[in-house]
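# Summary of the model geometry
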Amino acid sequence: MVRNVAGVMAELEPEDFYLLSGVEQGMRFSRWVNREKLPEYANLTAEEVDYRLDRCMQRDLVQRKTIQYEGYQLAVEGYDALALRTFAERDTVQGVGAPLGVGKESDVLEVQSYKPLALKFHREGYTNFREVRRERDYTSDRDHVSWLYTARKAAEREYEALETLYPDVSVPRPVDHNRHAIVMDKFAGVELARAKLDSEQVVGVLDLILREVATAYREGVVHADMSAHNVAIGEEGATVFDWPQSVPTDHENGEELLERDVENLVDYFHRKYPRETPETVDSRAIAADIADDAFESIRAYVEP
């Protein structure tokens, strides 16, 4: 999806981006932007809007729907194009490469810059809008919320968390942020859910991950969505990624979310490595010690 947008970027003219920006502005107020409002939002004449709409429709950057009026909204590719243009103007991104990962709530690609980096496009709300609005606290105080807003807020929250945590916590180094997109360092390793640990590695790897969770808590951040799919295991240790649902430790549910994070991790190790993970490794006790800044090592929870 995103590579197709990268391929048409060179075909787009400045006025095309004016049109896309105008649709973006209009979506702050309604899901479908009235065609009659676009000259004002895009700062283009009505004739120029018609021409630019045709160009952008041909490239699948905008969508049209006739309701009580002729309405337009950005396709996900149109929002991607706006973010890519900003990164190009900042010289953050010089080219887009192969996909690194595609999920329900994000697409991640390799990009060329002064070194290979990762570009993450957030998709929260694009296909699962009702679920995201129900689960994310940044949508609760707004009457009109578009998928652009939920995706942008998710990217903002993740970028803020990475800036807070790096380098004390093993997270991807944040490089740049615009709209719903983040540029960050690529990280090595295999997703924990796909990793095959040797027996002697199991307790040590769990300890590494819990140390990162504890350090993040000391820095004031709870991941709030920890799982075997949000940790990478490599030769240099564990990297924790995907922080869009993170909350500060003083959040009203901060300790509850911390306990859930720890429970998710410990339960995963108990299920996948039952022989190597002692039953005495108690997630509630560990979470309580992390909250009290008393967690030092998982060895304290392992029977001698």
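Below is a short write-up of the structure. The shown structure was predicted, so the numbers you read here are calculated from the model rather than taken from an experiment.

## Here's the deal with the overall build of the protein chain
- Looking only at helices and strands, one finds 10 helices and 13 strands in the protein chain.
- With respect to the principal axes defined by its C-alpha atoms, the protein chain has extents near 80 × 40 × 30 Å.
- Each of the 304 residues in the protein chain was classed as buried or not, and the buried ones make up 52%.
- Partitioning the contacts of the protein chain with sequence separation of at least 6, the portion at a separation of at least 24 is 62%.
- With an accessible surface of roughly 15200 Å², the protein chain has 43% of that area assigned to carbon and sulfur atoms.
- The centroid of the 37 positive side-chain charges in the protein chain is displaced by 5 Å from the centroid of its 59 negative side-chain charges.

## So, the nonpolar core
- Within the largest apolar cluster, 50 residues are counted, with the highest numbers of intra-cluster contacts made by Ile209, Trp243, Val262, Phe269, Ile286 and Ile290.
- Of all the elements in the fold, those that place two or more residues in this core are helix H7 (147-165), strand S8 (181-185), helix H8 (202-218), strand S10 (221-222), strand S11 (231-234), strand S12 (237-240), helix H9 (254-272) and helix H10 (283-291).
- The greatest single-element share of this core, amounting to 10 residues, is contributed by H8.
- Each residue touching Trp243, except ones within four places of it in the same chain, is listed here: Arg157, Glu158, Ala161, Leu162, Leu165, Val171, Ala216, Val221, Val222 and His223.
- With 37 residues, the next largest nonpolar core counts Val5, Val93, Leu117 and Leu148 among its residues.

## A closer look at the pairing of S11
- Direction of pairing for strand S9 (residues 190-191) relative to S11: antiparallel, over a ladder of two bridges. Across the sheet, Val190 pairs through a bridge with Ile233, a residue of S11.
- Taken together, the four bridges between S11 and S12 define a ladder with antiparallel strand orientation. Counterpart to Val231 in the pairing with S12 is Val240.

## Things to note about the sheet that holds S9
- Here three strands make up an open sheet; going across it, the order is S9-S11-S12 and the pairing antiparallel. The two strands at the open ends of the sheet, each matched to only one other strand, are S9 and S12.
- Across the face of the sheet, H8 comes into contact with S11 and S12 while running at roughly 40° to S12.

## Some points on the packing of aromatic side chains
- As enumerated under the stated definition, the model contains six aromatic pairs in all.
- Centre to centre, the rings of Phe29 and Tyr41 are 6.3 Å apart; their planes meet at 25°, and the pair counts as stacked. A residue pair is termed long-range when its members are at least 10 positions apart, and Phe29 in the loop between helix H2 (14-26) and strand S1 (33-34) and Tyr41 in helix H3 (residues 38-42) qualify at 12 residues.
- Three or more aromatic residues joined by ring pairs form one cluster here, namely Tyr268, Phe269 and Tyr273.

## Considerations on the packing of H8 against H10
- Where H8 contacts H10, the axes come no closer than 9 Å and their chain directions differ by 35°. Remark: the crossing between H8 and H10 carries right-handed chirality. Two secondary-structure elements touch here, H8 through Leu210, Val213, Ala214 and Tyr217 and H10 through Ile286, Ile290 and Ala291.
- Among the residues forming the contact of H8 with H10, the class breakdown is seven nonpolar, no polar and no charged.

## Description of the pattern of salt bridges
- A full pass over the atoms with the stated rule returns 22 salt bridges.
- Between Arg218 and Asp293 there is a salt bridge, with the nearest N and O atoms lying 2.6 Å from each other. Placement of Arg218 in helix H8 and of Asp293 in the segment after H10 is noted, with a sequence separation of 75 residues between them.
- The network of salt bridges with common partners includes Glu13, Glu15, Asp16, Glu48, Arg52 and Arg55.

What counts, and at which threshold
Residues numbered from 1 in each chain as written. Predicted model: local features only at pLDDT ≥ 70, side-chain atom pairs only at ≥ 80, totals over all residues. Heavy atoms only, no water. Helix = DSSP H or I, 4+ residues; strand = E, 2+ residues; numbered from the N terminus. Buried < 20%, exposed > 50% of the residue type's maximum accessible area, 1.4 Å probe, protein only. Contact = heavy atoms within 4.5 Å. Areas by Shrake-Rupley, 256 points an atom, 1.4 Å probe, with all protein chains shown as cover. Lys, Arg positive; Asp, Glu negative; His and termini not counted. Charge placed at Lys NZ, Arg CZ, Asp CG, Glu CD. Core = buried A, V, L, I, M, F, W, Y, C linked by side-chain atoms within 4.5 Å. Pairing = 2+ DSSP bridges. Axes fitted to C-alpha atoms, helices over the stretch in contact; angles between N-to-C directions. Phe/Tyr/Trp six-rings, centres within 6.5 Å; stacked < 30°, edge-to-face > 60°. Left-handed = near helix turned anticlockwise from the far one by under 90°. Nonpolar A, V, L, I, M, F, W, Y, C, P; charged D, E, K, R; others polar. Salt bridge = Lys/Arg side-chain N within 4 Å of Asp/Glu carboxyl O.

These results come straight from atomic positions and should not be treated as a statement about function.
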